[in-house]
Amino acid sequence: MQIRREEIRTGILVIVSIAILTGVLLAIGAPGVFKPTNTYYIYFDNAAGLNQGAPVMLAGRRIGQVTDLVSPVPLSQRPKKGYEVRVQVEVDKSAQIFNKVNAEMVQTSLLGQPVIDFTGGDEHSGLAANDSYFVGTREKDFTQSIADAVTVIQNTVTPVAVQAEKTMQELGSTADNLRQMTAPGSDVDQAVNEFHKFADNLVQISATGSALQQSLQNIQMLTGANGHLNEALANVDRLTDDLLKNDRINKTLANLQGTTQSLDNMVTGLSPRVDIITDNLEQATNTLKRQPWRLIWPVTKRYPSPTPIPRGRRL
């Protein structure tokens, strides 16, 4: 009897354990068995990585799971062009899924499984009825992010690389030009040689005993303390001082003024005589024109007596 009781207890324990395990599995795998659920349909352009049984969350809280995936959806049943995947989800009926809500397929970790998350619901739009559908958005996965990053890098680095290559080519051209400019026989080389010749000529001109040095010595002798220029300036100074001391300039000016007055008086006294002489020359010329024989024959023409000159105007 004792053995039979223990066997019965063991059997009851096994049955209860199986029932509990079955209930847990049903609660996890089939949420609608113990709790009422709503079924919704979400359309995506691509559901890569999303599997049946994936969690469905509401703002990060799990409320259900993915129960079915259909791909490709017939064209007549697609809400938008390109959305060819339909994901069926079952969520707790008590979850508040509104008609206007963002249904996103996100990846919670770098290599984690994609999940569906409802966020940003508008309560004024009302709760979504059973069998409603939503147009979902898909967050970029790691592979697509890497591809986009590579594209961005190519678009960014390629122009820089092209510009760098162009710059290096220009630097190469500049280096070639500099090499040609500084090559033997080039303009720069000839200019340097001419500068060397000019420097040699300057050295020769400024050497001891050169013409330039002798010219400088002559200039120094001319402008030195005992030079001819200083002596001439000293003589000019002495002459100026002598003129100033003896008042020779004023005397010379006075003499010059007196001489000018005398010349003026002389010219004034000569004026009547010049007029008489002019008249005589005019009469003589007229006579020679009309009676040229008078150069040979005696004079027959009588002239008026000359006008006496005032005594006060004689010189």
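Everything discussed here concerns the structure shown above.
To start, this report covers the structure provided alongside it. For clarity, every value in this text was computed on a predicted model and none was experimentally measured. (Residues numbered from 1 in each chain as written. Predicted model: local features only at pLDDT ≥ 70, side-chain atom pairs only at ≥ 80, totals over all residues. Heavy atoms only, no water.)

1. Observations concerning the sheet that holds strand β2 (residues 55–58)
Thought 1: Strand order across the open sheet formed by 8 strands is β7-β1-β4-β3-β2-β6-β5-β8, with mixed pairing between neighbours. Every interior strand has two partners, whereas the edge strands, β7 (133–135) and β8 (137–138), have only one.
Thought 2: Relative to strand β4 (residues 85–92), strand β1 (residues 37–44) runs antiparallel, the two sharing 8 bridges. Looking at the pairing, N38 lines up with V91 of β4. (Pairing = 2+ DSSP bridges. Helix = DSSP H or I, 4+ residues; strand = E, 2+ residues; numbered from the N terminus.)

2. Observations concerning the pairing of β1
Thought 1: For β1, a buried count of 6 out of 8 residues is recorded, marking the element as mostly surrounded by other parts of the structure.
Thought 2: Summarising the sheet, β1 and β7 pair through 3 bridges and their orientation is parallel. Across the sheet, the residue bridging to Y43 is V135, located in β7. (Buried < 20%, exposed > 50% of the residue type's maximum accessible area, 1.4 Å probe, protein only.)

3. Considering the packing of aromatic side chains
Thought 1: All chains considered together, the criterion is met by 3 aromatic pairs.
Thought 2: An angle of 70° between the planes, with centres 5.7 Å apart, marks the rings of F118 and F134 as edge-to-face. Residue F118 is located in strand β6 (residues 114–127), and its partner F134 is located in strand β7; the two are separated by 16 residues in the primary sequence. For the pair formed by F118 and F134, the shared burial category is buried.
Thought 3: Linked through ring pairs, Y40, F118 and F134 together constitute an aromatic cluster. (Phe/Tyr/Trp six-rings, centres within 6.5 Å; stacked < 30°, edge-to-face > 60°.)

4. Remarks on the pattern of salt bridges
Thought 1: Under the definition given, this model contains 3 salt bridges.
Thought 2: Residue D45 is joined to R138 by a salt bridge in which the shortest nitrogen-to-oxygen separation is 3.4 Å. Linking D45 in the loop between β1 and β2 with R138 in strand β8, this pair joins segments that are 93 residues apart in sequence.
Thought 3: Its relative accessible area of 34% is what places D45 among the partly exposed residues. (Salt bridge = Lys/Arg side-chain N within 4 Å of Asp/Glu carboxyl O.)

5. A look at the pairing of β2
Thought 1: What you see with β2 is no split at all: P55 and M57 on one side and V56 and L58 on the other are buried throughout.
Thought 2: Looking at chain direction, β2 and β6 are connected through 3 bridges and run parallel. For V56, the partnering residue across the bridge sits in β6 and is I116.

These figures come from the coordinates and say nothing about function on their own.
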